[in-house]
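# Structural overview
Residue-level listing of the chains:
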Amino acid sequence: MSGFTTLLARDLRLVLRRPGDVGVVLAFFVVATVLFPLGIGPETNVLARIAAGVLWCAALFAALLSLERLFAADYEDGTLDLLLLAPWPLELAALAKCLAHWIVTGLPLSLLAPVLGIAFGLDGPSLLALGATLLVGTPTLSLIGGLAAALTLGARKSGALLALLALPLCVPTLIFGAGAIETLAAGDGIVTHVAILAALALVALATTPWAIAAALRQAGE
Amino acid sequence: MADLHFLANPARFRRFSQRVLPGLGFATVLMLAVGVYMAFFVAPEDYQQGKTVRIMFLHVPSAWLSMGGYALLAALGASLLVWRHPLAALMARAAAPVGASFAAVCLLTGSLWGRPMWGTYWVWDARLTSMLLLFFLYLGHIALSRAYDSPERGDRAAAILALIGVINLPIIKFSVDWWNTLHQPASITRLDAPAIHNSILVPLLWMAVSLLFLFVYLVLLRTETEIDRRRLENAEAAA
Amino acid sequence: MVPPLLEVPPVFEVKDLSCRRGGRPVFDRLSFGLGAGELLALTGRNGSGKTSLLRALAGLTPPEAGTISWRGVDVAGDPETWRGRLAWLGHLEGLKGDLTVVENLLIAERLRGGEAGDRLDGALLAFDLTGLAVREVRTLSAGQRRRTALARVVLSQAPLWLLDEPLNALDAPAQAAFRTALQTHLAAGGLAIAATHAELGIEGAQRLDLRGGGLRDEP
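Residues numbered from 1 in each chain as written. Chains lettered and ligands numbered in written order. Predicted model: local features only at pLDDT ≥ 70, side-chain atom pairs only at ≥ 80, totals over all residues. Heavy atoms only, no water.

In this section: the overall build of chain C. A count of helices and strands for chain C gives six helices and nine strands. With the principal axes as the frame, chain C shows a C-alpha extent of 55 × 45 × 35 Å. Relative to its full complement of 219 residues, chain C shows a buried share of 51%. In chain C, of all internal contacts separated by at least 6 residues, the share reaching a separation of at least 24 is 70%. In chain C, 25 positive and 26 negative side-chain charges are present, and the distance between their average locations comes to 4 Å. (Helix = DSSP H or I, 4+ residues; strand = E, 2+ residues; numbered from the N terminus. Buried < 20%, exposed > 50% of the residue type's maximum accessible area, 1.4 Å probe, protein only. Contact = heavy atoms within 4.5 Å. Lys, Arg positive; Asp, Glu negative; His and termini not counted. Charge placed at Lys NZ, Arg CZ, Asp CG, Glu CD.)

Put into structure tokens, the structure is as follows:
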């Protein structure tokens, strides 16, 4: 087994040992989403119009919330040193960690969001579009958030700082993710949106691993 | 001996900046005075925007300088990460708040201009929204560079952020433009005039150059301060 | 066979290594060499730069100046191969509390690109961990964790061990086990550098006393 798959399997196994940690993130997602109808009122046409934006924003916050521990746990118990000293590229380790994060956060969020969309009065095609855009868009959030997590490793007040760094960089993904459902409501297809989301994910894939690796090396100095 | 090594570049920079700064400051004041005079008394009123067009002479150059300032942060970041240039870190630390201030001026003047034109202080105009996100990127850079007990660690983390930020800036701009056309009819008066007459263009460019002088002056002055501050901190750490 | 009476160049060589933190020198133009089967004990007071030196040798901190070479080749040219030659024990154990002793050892070895296989039992036995093999690390005492981390070092079969206070939290039998493991490693031609303020109790160890430019007393 290569270092990449070993690290991926290790992180997934660690999550399985404490499934509650993922449960808390998903519960946050549900509770945060439910607050909107309570705050805005239950008119179905209003809710259906804001559903995509609300669910995308809530997913973004939920993903960021869980990212703070992505490298911090390894930093605190010294296993980060073992990754830094592993005889294979640190960029791959960064990628494995972000992939593990996406599997335990982005993937379940993408599956859960359409279910919540029903409560917002979204129709069938919109629910499908919501799930599809989240599925293609959340990897970008894991990568950009992973970078913010690596940059704030060992910083003071790292949680709020992480959000401040990651949120502006996540804006394009949010715009095209939430915009897709609106386009669908206007009677157009969402292929362009999904393609742009995929392109954004590829840009993140091409740029963030080396940046995360550089940030982790600095944290190790 | 070892301290001299660290200060080699900053010390040379200090000698340079101390020679340049007084003259540069004088030139900046002079140019700004001429620029403000041209903006208020030479440039004609716009037939559509009236006197409010004069805000553009501050608004537009501020937008240019805040964008250029972020590109400068990225260049300084690359220079720090690749060549470990100690001066680059101090200059980035000095430049970020200046760039953020120009972004803030751009946002404020944009909103002041918007009040008579749009009837409200804030409209989700594509340019203003992009500028707001750029302002947030600046805030992140400033906060990150000051978030560590070791200033060097903050310098390098912020350098990585600036590089990733500069790659994402065009993407953010593109997506905000797209979002804007989706959500707003194009009939609203945009902040950019379609064709600029020379009587406006000349004062505009003059103001842009004057504010560039101001930008450079402030960055050099603040870099000097950062050099002194870092030197003091190192002296305290060694004591 | 009688060994030839020739000057053998050291396997591991450090030349003019300098390091600074926050503009303050931690060590300045440090040079030493280490041959096969040799142990170097780094001594010095708290804050004298022992840990910084170990991190610089591992490549975790880029040095200000100087070279580190292995069999005459500068290790900076190929950091991945260099990292493959190292076994690292920091002052943090580098163990996952939610994983068992065995899981931690197997995963750490795979992350190094190796496979523990039959060697696992020997490593567990060497540090009397057989009875704790399937215990989760967070339930272990500090000494038991230290022993697990040492078992990881033994398991790696790396030619150079970099150890930061290896005797920390170890009781007398565990210290003896560590000495045995270290002697076996050295006898097989391995090298080791250990930062320590206790006596390692190994015959013929070289010593390097760091009192560097940047001595700072603990508060």
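This part takes up the domain arrangement of chain C. Residue and element names in this part refer to chain C. Per the domain assignment, the segments of chain C are domain 1 (9-85 + 159-219) and domain 2 (93-157). One C-alpha centre belongs to domain 1, the other to domain 2; they are set 23 Å apart. The partner domain 2 presents 11 residues to the 16 residues of domain 1 that form the contact. Roughly 940 Å² is buried in total at the junction of domain 1 and domain 2, and carbon and sulfur atoms are behind 66% of that figure. (Domains from an automatic or database assignment. Buried area = accessible area lost by both parts, 1.4 Å probe.)

It is worth spelling out the interface of chain B and chain A at this point. Across the contact, 32 residues belong to chain B and 32 residues belong to chain A. When the two sides are added together, the surface that chain B and chain A hide from each other amounts to roughly 2700 Å², 73% of it contributed by carbon and sulfur. Here chain B and chain A share three salt bridges between them. The interface formed by chain B and chain A includes nine residue pairs in polar contact (both at pLDDT 80 or more). Among the elements of the structure, helix H4 (126-145) and helix H5 (151-183) of chain B are those that each provide at least two residues to the side of chain B that touches chain A. It is H5 of chain B that contributes the most residues to the side of chain B that touches chain A, 19 residues altogether. Split by residue class, the side of chain B that touches chain A holds 22 nonpolar, five polar and five charged. (Salt bridge = Lys/Arg side-chain N within 4 Å of Asp/Glu carboxyl O. Polar contact = N/O pair within 3.5 Å; in protein donor to acceptor, adjacent residues only side chain to side chain. Nonpolar A, V, L, I, M, F, W, Y, C, P; charged D, E, K, R; others polar.)

Taken as a whole and judged by the stated rule, the model has 28 salt bridges over all chains. In this structure, Asp 77 of chain A and Lys 96 of chain C form a salt bridge, with 2.8 Å as the shortest nitrogen-oxygen distance. Of this pair, Asp 77 of chain A sits in helix H4 (residues 69-77) while Lys 96 of chain C sits in the loop between strand E6 (86-89) and helix H3 (101-111), which puts the two residues in different chains. In this structure, Asp 77 of chain A and Lys 96 of chain C share a single accessibility class: buried. A salt bridge links Glu 109 of chain C to Arg 119 of chain C, with the shortest nitrogen-to-oxygen separation between them at 3.7 Å. Taken as a pair, Glu 109 of chain C in helix H3 and Arg 119 of chain C in helix H4 (residues 119-126) lie far apart in primary sequence, 10 residues in all. On the accessibility criterion, Arg 119 of chain C (25% relative accessible area) is partly exposed. Here the salt bridges share partners, and the residues they tie into one network are Arg 10, Asp 11, Asp 74, Asp 77 and Lys 97 of chain A together with Lys 96 of chain C.

A few words now on the sheet that holds strand E4 (residues 65-70) of chain C. All names here are of chain C. Spatially, E2-E1-E4-E5 is the arrangement adopted by the four strands of the open sheet, whose pairing is antiparallel. Edge positions in the open sheet fall to strand E2 (24-34) and strand E5 (73-74), since each of these has one partner strand only. Both E4 and E5 contribute to a ladder of two bridges, which runs antiparallel. Looking at E5, one finds that Trp 70 is bridged to Val 73. Strands in contact with helix H1 (residues 50-58) are strand E1 (12-21), E2 and E4; relative to E2, the strand with the most contacts, it is inclined by about 60°. (Pairing = 2+ DSSP bridges. Axes fitted to C-alpha atoms, helices over the stretch in contact; angles between N-to-C directions.)

Turning to the packing of helix H3 (residues 44-67) of chain A against helix H8 (residues 158-185) of chain A, a few remarks are in order. Residues and elements named next belong to chain A. With their axes 9 Å apart at the nearest point, H3 and H8 run at an angle of 150° to one another. Taken together, H3 and H8 sit at an angle that is classed as roughly antiparallel. Crossing of H3 against H8: the hand is right-handed. On H8, the residues touching Arg 49, Ala 52, Gly 53, Trp 56, Cys 57, Leu 60, Phe 61, Leu 64 and Leu 67 of H3 are Leu 162, Ala 163, Ala 166, Leu 167, Cys 170, Thr 173, Leu 174, Gly 177, Ala 178, Ile 181 and Glu 182. Considered class by class, the residues forming the contact of H3 with H8 number 15 nonpolar, three polar and two charged. (Parallel < 35°, antiparallel > 145°, perpendicular 65-115°, else oblique. Left-handed = near helix turned anticlockwise from the far one by under 90°.)

The subject of this paragraph is the nonpolar core. All names here are of chain C. By size, the foremost hydrophobic cluster in this structure holds 175 residues, and its most contacted members are Phe 12, Phe 32, Leu 53, Leu 57 and Ile 193. Counting the residues that make up this core, at least three belong to each of domain 1 (9-85 + 159-219) and domain 2 (93-157). When neighbours within four sequence positions are excluded, Leu 57 is seen to be in contact with Phe 12, Val 14, Leu 17, Phe 32, Ile 68, Trp 82, Leu 162 and Ile 193. The next biggest cluster of nonpolar side chains, apart from the first, holds 38 residues, and it includes Leu 105, Val 137, Leu 163 and Leu 186. (Core = buried A, V, L, I, M, F, W, Y, C linked by side-chain atoms within 4.5 Å.)

Residues and elements named next belong to chain B. Interaxial distance between helix H2 (residues 56-83) and H4 falls to 11 Å at its minimum, and their mutual angle equals 40°. By the angle between their axes, H2 is oblique relative to H4. Handedness of the crossing formed by H2 with H4: left-handed. Side by side, H2 and H4 meet where His 59, Ala 63, Ser 66, Met 67, Gly 69, Tyr 70 and Leu 73 of the first sit next to Leu 128, Met 131, Leu 134, Leu 137, Tyr 138 and His 141 of the second.

This part is about the state of the cysteines. Residue and element names in this part refer to chain A. Applying the stated rule across the entire model yields zero disulfides over all chains. The closest cysteine sulfur to the non-disulfide-bonded Cys 57 is located on Cys 170, 11 Å from its own sulfur. The exposure class assigned to Cys 57 is partly exposed, which follows from its relative accessible area of 27%. (Disulfide = S-S within 2.5 Å.)

All right, on to the side chain of Lys 50 of chain C then. Residue and element names in this part refer to chain C. Residue placement: Lys 50 occurs in helix H1. Here Lys 50 occupies a buried position and makes no salt bridge, while the nearest side chain of opposite charge, Glu 165, is found at 4.5 Å. Not counting residues up to four positions away in its chain, the partners in contact with Lys 50 are Leu 42, Thr 43, Gly 44, Arg 45, Glu 165, Ala 195, Thr 196 and Leu 210.

What follows is about empty space enclosed by the protein. Taken as a whole and judged by the stated rule, the model has four cavities of 30 Å³ or more. Its volume calculated, the largest cavity comes out at about 150 Å³. For the largest cavity, the lining is made up of 13 residues, of which Leu 82 of chain A together with Leu 86, Trp 88, Arg 112 and Arg 152 of chain C are closest to its centre. Looking at the lining of the largest cavity, the elements with two or more residues in it are E6, H3 and helix H5 (142-156) of chain C. Counted by class, the lining of the largest cavity contains nine nonpolar, one polar and three charged residues. Roughly 110 Å³ of volume is contained in the second largest cavity. For the second largest cavity, the lining is made up of 14 residues, of which Thr 140, Ile 144, Leu 200 and Ala 204 of chain A together with Asn 168 of chain B are closest to its centre. When residues of the lining of the second largest cavity are traced back to their parent elements, those giving at least two are helix H7 (124-151), H8 and helix H9 (191-220) of chain A together with H5 of chain B. For the lining of the second largest cavity, the element with the most residues is H9 of chain A, which contributes five residues. Of the residues belonging to the lining of the second largest cavity, the class tally is nine nonpolar, five polar and no charged. (1 Å grid on protein atoms, 1.4 Å probe; cavity = no way out; pocket = protein on both sides within 12 Å on 5 of 7 lines; lining within 4 Å. Points joined across faces, edges and corners; volume = space filled by probe spheres on them.)

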